[in-house]
Amino acid sequence: MVPYGFDPPSGDPMSHQPAETRTHVTLPQLHTWHHAGRKLVMVTAYDAATARIADAAGVDIILVGDSVGNVCLGFDNTLPVSMAMMNHHLEAVARTRPTALLVADMPYLSFHLSVEDTLRNAGGFLQRGAQAVKLEGGAKRLPMIHALIDAEIPVMGHLGLTPQSVNPMGGFKVQGKHKADALQLLEDAQRLQDAGCFGMVLEGIPADLAARVTETVSIPTIGIGAGPHCSGQVLVFHDVLGLLPGTSPKFVRRYAEGFQDLRAALAAWAEDVRGGGFPDGRESYTLPEGLRSALSQWHP
Ligand code: KIV
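Below, the structure is looked at part by part. It should be emphasised that the depicted structure is a prediction, and the values quoted were computed from it without experimental measurement. (Residues numbered from 1 in each chain as written. Predicted model: local features only at pLDDT ≥ 70, side-chain atom pairs only at ≥ 80, totals over all residues. Heavy atoms only, no water.)

**Describing the layout of surface pockets**
Stated precisely, the cut-off is as follows: Only protein atoms enter the 1 Å grid, on which a cavity is a set of points fitting a 1.4 Å probe that cannot get out and a pocket is an open set with protein on both sides within 12 Å along at least 5 of 7 lines, lining residues being those with an atom within 4 Å of a point. Grid points are joined across faces, edges and corners, and a volume is the space filled by probe spheres set on the points. By definition, any uninterrupted DSSP run of H or I lasting at least four residues is a helix, any uninterrupted run of E lasting at least two residues is a strand, and each is numbered from the N terminus. Each residue gets one of three labels, nonpolar for Ala, Val, Leu, Ile, Met, Phe, Trp, Tyr, Cys and Pro, charged for Asp, Glu, Lys and Arg, and polar for the others, Gly among them.
Of the pockets and cavities examined, the largest pocket occupies roughly 670 Å³. Along its surface, the largest pocket is lined by 36 residues, and Ser67, Asn70, Glu203, Val236 and Asp239 are the ones closest to its centre. Of all the secondary structure elements, the ones that give two or more residues to the lining of the largest pocket are α3 (68-71), β6 (199-203), β8 (232-235) and α10 (237-240). Within the lining of the largest pocket, the residues separate by chemical class into 16 nonpolar, 12 polar and 8 charged.

**Things to note about the nonpolar core**
We count it as follows: The definition of a nonpolar core used throughout is a set of buried Ala, Val, Leu, Ile, Met, Phe, Trp, Tyr and Cys residues joined through side-chain atoms within 4.5 Å. Under the scheme applied here, a residue whose accessible area is under 20% of the maximum for its type counts as buried, over 50% as exposed, and between as partly exposed, the area being computed with a 1.4 Å probe on protein chains only. Contacts: residue pairs with any heavy atoms within 4.5 Å of one another.
Leu30, Phe125, Met200 and Leu202 are the most contacted members of the largest nonpolar core, which totals 70 residues. If near-sequence neighbours (up to four positions away) are discounted, Leu202 is found in contact with Leu159, Leu185, Ala210, Val213, Thr214, Thr221, Ile222, Gly223, Ile224, Ala226 and Cys230.

**Some remarks on the site of the ligand**
Here is the rule: Think of it this way: one heavy atom of a residue within 4 Å of a molecule or strand is enough to make that residue near it. Two N or O atoms count as a polar contact when they lie within 3.5 Å, although within protein this holds only if one can serve as hydrogen donor and the other as acceptor, and sequence-adjacent residues are included solely when both atoms are side-chain atoms. Areas reported as accessible are Shrake-Rupley estimates using a 1.4 Å probe. Residue values count occlusion only from the protein chains shown.
Neighbouring residues of the ligand: Thr44, Leu63, Gly65, Asp66, Ser67, Asp105, Lys134, His158, Val201, Ile224 and Val236. In this structure, Lys134 approaches the ligand through a side-chain N or O atom, which is 3.0 Å from an oxygen atom. In isolation the ligand offers 260 Å² of accessible surface; the protein chains occlude 96% of this area. Looking at the shell around the ligand, its residues break down into 4 nonpolar, 4 polar and 3 charged.

**So, the packing of aromatic side chains**
To keep it simple, the criterion reads: Only rings of Phe, Tyr and Trp enter the pairing, Trp through its six-membered ring, and a pair is recorded when the two centres are within 6.5 Å. The plane angle decides the type: under 30 degrees is stacked, over 60 is edge-to-face, the rest tilted. Two conditions define a charge located above a ring, namely a distance within 6 Å from the ring centre to NZ of Lys or CZ of Arg, and an angle within 35 degrees of the ring normal.
Scanning the entire structure with this criterion turns up 1 aromatic pair. Residues Trp269 and Phe278 carry aromatic rings whose centres are separated by 6.2 Å and whose planes lie at 70° to one another, so their mutual orientation is edge-to-face. A residue is classified by how much of its surface remains accessible, and Phe278, at 31% relative accessible area, is partly exposed. Over the ring of Trp33 we find Arg38; its NZ or CZ atom is 3.8 Å from the centre of that ring.

What follows is the structure, given as C-alpha cells:
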C-alpha cells in the first residue's frame, strides 16, 4: 500500500487511469492536471459504500462534506453537524483507502472559536486519513487558514453560497448578483489564493462571475451551481445518482434515478418474500445426505 501523498506526479496529465490501476491522487498531481487544462471531478461521499462507488468511478477528489447533515442525518441544514459526526463519517470513508484525494469539510463552529481549536479539529481530520480540509468563507477566515497551512494542513476554500451562512444569507440563495458582492467575491478569491489555499469551491454564483474568478486565480476552482467555466465540478453523491426523493435543484443533473430504481427493487423483493418466492434453493444451504435422514428420525 502506497502511503497517502507519496506518489510523484507522472504520466500523461490528460489521461484518465482506470480506477483499479491508478495510484493515489496527490496535491501535486492535482495541480499538474489543472495546469494541463484537465477538468477536475469531485464528489461527496459519507460512508464506505458511497466512497467505494465514487473511487471505482475514478473521481479525482472525494469530499466528506458537511452536507452529510442534510443528506444522511435528516437535518434541514448543515449547522447542527458536529466534529464528532464528521469524524465518524470520515473514518468510514478513509477505511476504504480511496485512491482519490480525500478532503474533509470543517463543520460549523469547528474553525470559528480559536486558532488552537481549529488546528486540533483539522489536524484530527488528517490523522483520520484526510489529505486536506475545506472550509467556508472569505477574508475573515484568513487567520485560521494561515495557521492551518503553517501546520502543514492543506486548505480548500469555499466561496459564494456557503451553506453555513444560511441565516445571514436569508436562505439558500444565489450569491454575487450585485456589484459589491461580486467584487467582494473576486477579492476573497484572490485572498484565499494568496494565503496558500490549493483550490476553492465556488457555489451558487452566476456563471460569468465564476468564469472571472477562474481566469484571475491560478489555483483550481471547483464549481457547484457556478456554471461550466470552473476548473472542475463537484456534486453531492445522492444528487448525481437521484437517490433523494422529489425534484433536484436547477444546478444538478441526475445520471441515475436511484430513488425510483432502488424503491422498485426493494418492492420486488418484498413481494417475493410475501409470495414465498424468496428465498428458494439458490439462496439456501443444504444438509449432508446422512444428516438429513438422521434429523427426520428425531422426535421431541
Ligand atoms: O458539504 C458539501 O457537500 C459541500 C459541497 C457541496 C461543495 O460543501
